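Next come the chains, spelled out residue by residue.
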Amino acid sequence: MKRLRLFILLMFLPLMMKASVNVQNIVLLANYLLEKEKHPDLKMVVLSDPHVMAPKLLISDGEAWTSYLYGQRKMVDYSASLFDEMVSRIKNDLRPNLVLITGDLTKDGEQLSHAYVTAKLDELRSEGIQVLVIPGNHDRDANPNAVSYDGAGTTAVEVATNDWFADQYANYGYGPSSEREATSLTYACEPLKGLVVIGIDSGTNGELSSTTIEWVCDKAQKACGEGKRVIAMMHHPLIPHVTNAEKLVSTYVVNDHDYIRQALIEAGIKVIFTGHFHTSDIAKDFNDGLTKEIYDVNTGSLISYPCDYREVTVSSDLTELSLTTAHITSLPNDDIFSSDYAKERLHSAIKQKVKEMAEAMIKKEVGSLAIKLMAKQIDEVSTAAADALIIHAEGNEWKVDTSDIMESFDLIFKMVEGSREMCESMLEDKAPYGIEGRENVTDDLNLSISLDPDTDAQSFIPIETELDADGNGVVNHQDIAALVEIIMNHHE
Ligand SMILES: [Ca+2]
Ligand SMILES: [Ca+2]
Ligand SMILES: [Fe+2]
C-alpha cells in the first residue's frame, strides 16, 4: 500500500512541480526511494551500567540498606525502575534493530538480578529486537556487596560465574550464532547482515590477555577483508579520556591500553562502545603513525545523573554511523524522580565522598585538629568537586566557565600530583596525549563517522621486539602491562 502511494506520488511529481523534469532523474529518484524503503537505516540503542538490583533482594528497608546507599553515585534504589523504563522506551518508542549493553548489568553479580535483567530482555526479544551484552566488573564472581538487605542485616546471595553468565545470556550474545573466544566471555557475531559486533570481555580488573587480543584482532581483520563493518564493545574504556586518569583512577581504563588501542585500530576497528566510568564522554585516539583513528564512545551509567543512553543510526548501506544522546528525566508512577532529583543525588554523593577523602588526608598529613580549622576549605573543595562532576557528566564541558571551580581545587592540586592536569583536561574536554597531532577534542553527545572497512587491516600487529643481553626477544607490550599496577580494587 505504502509503495503504491509512493509510486502514484512519483508519477504526478512532474505535474505538481509544473516544470520540465528529466524523466531519467525521476526514475532514479523512484529507485532510490524504493530501495530506501526496502533497506531502511539500522537503528541501535547503546546503554551502560544499569546496575540492576532485583527488588527481591530488598527484603526490608533498614539500616543496612540506608548505609549501602549513603554516598553512592549510583541510584541503585531506582535501578529496576530505570531499567524498566529503558526497556519500555526501547519496546514502545525507539524500536531499534539492535541494543548493546556495555556491562555492569547488575548491582553486584547476583543471580537474582541477572534473572531480572534477562526477563526484561526477553520482552524485547519477543518483539524481534536483538540485544547483545557483555559483562562488567560487577557482573560475576565473589563480591562482598552481593547480598540481600533485611533491616539491620545482610545475607550473602548466589553470584554468577562465567559459565553461568554465558548460559543466562545465551540469547544475548552467548548463543550458537556467536563465535566464542575460549579463555573469556569475548565473542563475535553478525546480528545484522554485514555488521559484525565484537563483544570484548575485559574481566573484573580491566585486563585482556594476549590470547584475547589476538582473537579479537583476527575476527576484526577477517570481517574487514570480507567487506563487513565492525564495531566493538568492552566494559572498561580503551582510551584514557582525560590526562592522568589511568594514574589517578585505578582500573579506569583497560590495562595495556596503548598496545591494545594500536592493535584494535590496525585490525580495522573504528569505534568501540565502553562504560564503567559512569559519565559519558567520546574521545578519539590514533595509531602510532597517526594514520588511522578510533573512537571510544563511553556511555555513562543509566542509574546516575543524567541517566543517558545513545541512539545510534547506521546508514542502510552501512557506510556511516551517527549517534545522539538522550536521557531519562522522569518515571511513570513516580513523583519524586526527576532530572533535578537525580542531579541532587549525584551532587550530594560526590560532595560526601570528597569531604571524607579530604578529611582523611588532612588527618594523616596534619592531624585531626586541622579538620575543624579547615572546615570551610573542605566544604569549598567538596562542593567544587561535586559541581565539576556534574559538568563532566553533562558532557561538552568546555561550554561552561569553570574558572571558579579550578580555583577552589588549589588545595587538592597541591596535595595530589597530576590532579591539576587531570582536572583541566576533564573540564576543557581535551585529552592532550603529549604528542603533537594526537590531541583529542571530540563532542561528547553527537558523533558521525565513516564505517568503511579498512582494506589493509592487520590480523594481529607484529609485536615490536627488542633483544635483551642474552639475545632473546623481549615482548614490549608485556613489559608495559607489568608496569600498569592496579593500586586498589576500584568498584565503581
Ligand atoms: Ca567530556
Ligand atoms: Ca569528549
Ligand atoms: Fe559500573
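Scroll up a little and you will see the structure.
Residues numbered from 1 in each chain as written. Chains lettered and ligands numbered in written order. Predicted model: local features only at pLDDT ≥ 70, side-chain atom pairs only at ≥ 80, totals over all residues.

**Digging into the sheet that holds strand β2 (residues 58–60)**
Argument step 1. On the basis of which strands lie adjacent, the open sheet formed by three strands has the order β2-β5-β6 and mixed pairing. Looking along the sheet, the strands with just one partner apiece sit at the ends: β2 and β6 (153–156). Ignoring which end each strand starts from, the neighbouring axes of this sheet average 25° apart.
Argument step 2. Where strand β5 (residues 147–150) meets β6, four bridges bridge the pair, whose relative direction is antiparallel. Along β6, the bridge assignment pairs Y149 with T154. (Pairing = 2+ DSSP bridges. Helix = DSSP H or I, 4+ residues; strand = E, 2+ residues; numbered from the N terminus. Axes fitted to C-alpha atoms, helices over the stretch in contact; angles between N-to-C directions.)

**Re the sheet that holds strand β10 (residues 229–234)**
Argument step 1. Across the sheet, seven strands lie side by side as β7-β8-β9-β10-β11-β13-β12; this open sheet has mixed pairing. The sheet terminates laterally at β7 (179–180) and β12 (281–286), the two strands that pair on one side only.
Argument step 2. Relative to strand β8 (residues 187–192), β7 runs antiparallel, the two sharing two bridges. In the sheet register, R180 faces β8, and the bridge partner there is Y187.
Argument step 3. Across the face of the sheet, helix α7 (residues 210–225) comes into contact with β8, β9 (195–200) and β10 while running at roughly 175° to β9.
Argument step 4. The strands touched by helix α9 (residues 257–266) are β10, β11 (271–274), β12 and β13 (293–298); relative to β13, the strand with the most contacts, the crossing angle is about 115°. (Contact = placed C-beta atoms within 7 Å.)

**A word on the packing of helix α4 (residues 79–94) against helix α5 (residues 111–125)**
Argument step 1. With their axes 10 Å apart at the nearest point, α4 and α5 run at an angle of 15° to one another. Relative to α5, the element α4 lies roughly parallel. Considering how the two elements wind past one another, α4 and α5 form a crossing that is right-handed. Within the contact between the two elements, α4 uses A80, F83, D84, V87, I90 and K91 and α5 uses Y116, K120, E123 and L124.
Argument step 2. For the contact of α4 with α5, the per-class residue count stands at six nonpolar, no polar and four charged. (Parallel < 35°, antiparallel > 145°, perpendicular 65-115°, else oblique. Left-handed = near helix turned anticlockwise from the far one by under 90°. Nonpolar A, V, L, I, M, F, W, Y, C, P; charged D, E, K, R; others polar.)

**Structural notes on helix α12 (residues 375–394)**
Argument step 1. In a regular helix each residue adds 1.5 Å, so 20 residues correspond to 28 Å; α12 covers 29 Å between its end C-alpha atoms and thus fits that length.
Argument step 2. All buried positions along α12 are accounted for by I378, V381, S382, A384, A385, A386, A388, L389, I391, H392, A393 and E394.
Argument step 3. Among the structural elements, α10 (339–365), α13 (403–408), α14 (410–415) and α15 (419–428) are those in contact with the buried residues of α12.
Argument step 4. Positioned one or two residues after α12, G395 has a phi angle of 85°, which is positive. (Expected span 1.5 Å × (residues − 1). Buried ≥ 20, exposed ≤ 12 C-beta atoms within 10 Å, placed from the backbone.)

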